[in-house]
Amino acid sequence: MPATAKASIFHRVTGVALFFALTFVIWAWSESLSSAEGFEFVKSLFNGFIAKFIAWGTLSVLGYHLIGGIRHIIMDMGHWEELESGNTSAKIAMALGVVFAVLAGVWIWS
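Residues numbered from 1 in each chain as written. Predicted model: local features only at pLDDT ≥ 70, side-chain atom pairs only at ≥ 80, totals over all residues. Heavy atoms only, no water.

Concerning the layout of surface pockets
Approximately 270 Å³ is the volume attributed to the largest pocket. The wall of the largest pocket is formed by Phe24, Val25, Ala28, Trp29, Val42, Lys43, Phe46, Ala55, Thr58 and Leu59. Elements that contribute at least two residues to the lining of the largest pocket include exactly α1 (3-34), α2 (36-45) and α3 (49-76). The element best represented in the lining of the largest pocket is α1, accounting for 4 residues. The volume enclosed by the second largest pocket comes to roughly 160 Å³. With 6 residues, the single largest contributor to the lining of the second largest pocket is helix α4 (residues 83-109). (1 Å grid on protein atoms, 1.4 Å probe; cavity = no way out; pocket = protein on both sides within 12 Å on 5 of 7 lines; lining within 4 Å. Points joined across faces, edges and corners; volume = space filled by probe spheres on them. Helix = DSSP H or I, 4+ residues; strand = E, 2+ residues; numbered from the N terminus.)

So, a nonpolar patch on the surface
Taken together, the side chains of Phe49, Ile50, Phe53, Ile54 and Trp109 define a hydrophobic patch exposed on the protein surface, amounting to about 540 Å² of accessible area. Looking at which element gives the most residues to the nonpolar patch, the answer is α3, with 4 residues. Residue position: isoleucine 54 is located in helix α3. (Patch = residues over 30% accessible without salt bridge, like charges linked within 9 Å, V, L, I, M, F, W, Y side chains within 5 Å. Areas by Shrake-Rupley, 256 points an atom, 1.4 Å probe, with all protein chains shown as cover. Salt bridge = Lys/Arg side-chain N within 4 Å of Asp/Glu carboxyl O.)

Quick notes on the environment of threonine 14
By the element assignment, threonine 14 lies in helix α1. Using a relative accessible area of 1% as the deciding quantity, one classes threonine 14 as buried. When the C-alpha positions of threonine 14 and threonine 88 are compared, they lie 20 Å apart, and in sequence the two are 74 residues distant. Aside from chain neighbours lying at most four places away, what touches threonine 14 is Val61, Tyr64 and His65. (Buried < 20%, exposed > 50% of the residue type's maximum accessible area, 1.4 Å probe, protein only. Contact = heavy atoms within 4.5 Å.)

Just distances and angles here, no functional claims.
As structure tokens, then:
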């Protein structure tokens, strides 16, 4: 499968993942704004591994989805539509997604 197809499919998958991640994010916002106890509860959850993993996953898919979306917008403007430049931009987008995920992990777990 060419890099352009992988990048496009991954962009769609991250969009679906963001939809489901929003349930956790909206719940955490709602709970934290409900009361001081709710805020402390959510704050204590974010010290656990599972919550940090969910936050890292959410940030990672958000980062790649943003990068892939920018790539698609540039392609909609008529750039990177040739085979070689399309493959190169897809590989760069996926590599930047990995870099973003690593940086998000360092930020969350440090």
